[in-house]
Amino acid sequence: MSYEVLARKWRPQQFADVVGQEHITQTLMNAIETDRVAHAYIFVGSRGTGKTTLARIFAKALNCLEGTSPIPCDQCESCLEVMAGSNLDVIEIDGASNNSVDQVRELRENARYAPARGKYKIYIIDEVHMLSTAAFNALLKTLEEPPSHVKFIFATTDVHKVLPTILSRTQRFDLRRISIPDIMDRLRRGCAEEGITISEEALLAIARGAEGGLRDAESALDQLIAFRGKEINEEDVLSVFGLLSREGLETMSSAILASDVPRLLQQIAEMDQAGKDMPRVLNELIEYFRDLLVVSHGAEAASVLELSESQFTLYQKQIAAVDTGRILRVIDVLVDIDEQLRFALSKRTILETGLIRAAHVAESVTIDELMREIATLKKKELK
């Protein structure tokens, strides 16, 4: 058999296997158990969060030949065909290439006929926002009052492009971005199954780079295995994807807060020589200072961040010597650099000048610091 990429090999086949979407899987399972399955659903979320996967599992559960159940058997012909994408009663449509009125009219005509074998005829329309306005309008009547044997499941990354009249006729589920710990846990379990040795630092680097998309993380791991074989460390991840190590971010942020321009320039030169992605480095630096800002407001505020104990301790050490106002001004400068980098020919030059400006801003005393200093001096005079 030909090689199967990890993202397909590890695709969940049961609701319980779906990572990070418990609020949706539990609702769908309850709907099946209580026989309250609606006629139309729309799954909304960024790439790689499980929209199509949930649609397929839901279709399997509804059409399983062993009986409609929240836990499909995965053994009957219907389940196997859905898994293989060849089930006649589960029709997957790409919204981008089937977006005309004529194609929607054909869908409406076919929907009138009973399913070939299963209980329902299920239409899964991926990237449904790509349908034209005329196609949406042609679908309205069928979507509102479909035949009893028809179910619609839509998936989209841009829900704001879907007509309100369509949304009002569907049950909407918003998928969350997968958290870094959840991504790390799934990759860790998968690597153990595949006999791959991977460090925790490497898992963290992959999860950071995936930006909430589990499929992106699995694809990145696939590429790393092709690059390094069955032993992967953090340096492999950083070199392949142009990321900056956590240690590098800490060094750069410390240099900015200490206004250490020579060290900043040296680090930028090393990154450029190593082929790092400058815009990506800047985005990670913005996120780093955002985390610093949140931690500066106390442990309760920091609970919203996905930080390890060692990271939290480091942030506390950094903010102990700097005012919150300085962090805010550094973030403002970094955001300005981000705007300039998009159109810059020499990204290194823009990053160098921008970070030097951030270092000078970090050195400037804020009004709050001056007021505190004045108050301290007054207290000394009174004594």
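Here is a short report on the structure shown in this document. On a predicted model such as this, the values are computed, not experimentally measured, just so you know. (Residues numbered from 1 in each chain as written. Predicted model: local features only at pLDDT ≥ 70, side-chain atom pairs only at ≥ 80, totals over all residues. Heavy atoms only, no water.)

Moving on to the nonpolar core. Among the nonpolar cores identified, the biggest contains 39 residues, and Ile256, Phe289, Leu334 and Leu355 are the most heavily contacted of them. Of all elements in the fold, only helix 12 (246-257), helix 13 (261-273), helix 14 (278-295), helix 16 (309-320), helix 17 (324-341) and helix 18 (347-363) reach the threshold of two or more residues within this core. With 11 residues, the top contributor of residues to this core is helix 14. Residues in contact with leucine 334, not counting those within four places in the same chain, are Leu282, Leu285, Ile286, Phe289 and Leu355. (Core = buried A, V, L, I, M, F, W, Y, C linked by side-chain atoms within 4.5 Å. Buried < 20%, exposed > 50% of the residue type's maximum accessible area, 1.4 Å probe, protein only. Helix = DSSP H or I, 4+ residues; strand = E, 2+ residues; numbered from the N terminus. Contact = heavy atoms within 4.5 Å.)

Now for the packing of helix 2 (residues 22-33) against helix 3 (residues 51-63). Put simply, helix 2 and helix 3 touch, their axes get as near as 11 Å, and they point 15° apart. Considering their axes alone, helix 2 and helix 3 lie roughly parallel with respect to each other. Considering how the two elements wind past one another, helix 2 and helix 3 form a crossing that is right-handed. Between helix 2 and helix 3, the residues in contact are Ile24, Thr25, Leu28 and Ile32 and Leu54, Phe58, Ala61 and Leu62, respectively. Residue composition of the contact of helix 2 with helix 3, grouped by class: 7 nonpolar, 1 polar and no charged. (Axes fitted to C-alpha atoms, helices over the stretch in contact; angles between N-to-C directions. Parallel < 35°, antiparallel > 145°, perpendicular 65-115°, else oblique. Left-handed = near helix turned anticlockwise from the far one by under 90°. Nonpolar A, V, L, I, M, F, W, Y, C, P; charged D, E, K, R; others polar.)

Helix length check: helix 12 (12 residues) gives 17 Å between terminal C-alpha atoms against 16 Å at 1.5 Å per residue, within 8%. Those residues of helix 12 not exposed but buried are Arg246, Gly248, Leu249, Met252, Ser253, Ala255, Ile256 and Leu257. Where helix 12 terminates, the next one or two residues include serine 259, which has phi positive at roughly 55°. (Expected span 1.5 Å × (residues − 1).)

Turning our attention to the pairing of strand 3 (residues 121-126). Counting buried residues in strand 3 gives 5 out of 6 residues, a clear majority hidden from the surface. As judged from the 5 bridges shared by strand 2 (residues 90-94) and strand 3, these two strands associate in the parallel manner. Bridging from a neighbouring strand, aspartate 94 pairs with aspartate 126 of strand 3. With respect to chirality, the unit in which strand 2 leads through helix 5 (residues 101-111) into the neighbouring parallel strand 3 is right-handed. As judged from the 6 bridges shared by strand 3 and strand 4 (residues 150-156), these two strands associate in the parallel manner. Its bridge partner being in strand 4, isoleucine 124 is matched across the sheet by isoleucine 153. (Pairing = 2+ DSSP bridges. Right-handed = clockwise from strand over helix to strand, strands pointing away.)

For the structure on display, the rule yields 7 aromatic pairs. Seen in terms of ring centroids, tyrosine 288 and tyrosine 315 are 4.9 Å apart; in terms of plane orientation they differ by 75°. Their pairing is edge-to-face. Taken together, the residues span a long stretch of sequence, with tyrosine 288 in helix 14 and tyrosine 315 in helix 16 at a distance of 27 residues. For the pair shown, tyrosine 288 and tyrosine 315 are each scored as buried. (Phe/Tyr/Trp six-rings, centres within 6.5 Å; stacked < 30°, edge-to-face > 60°.)

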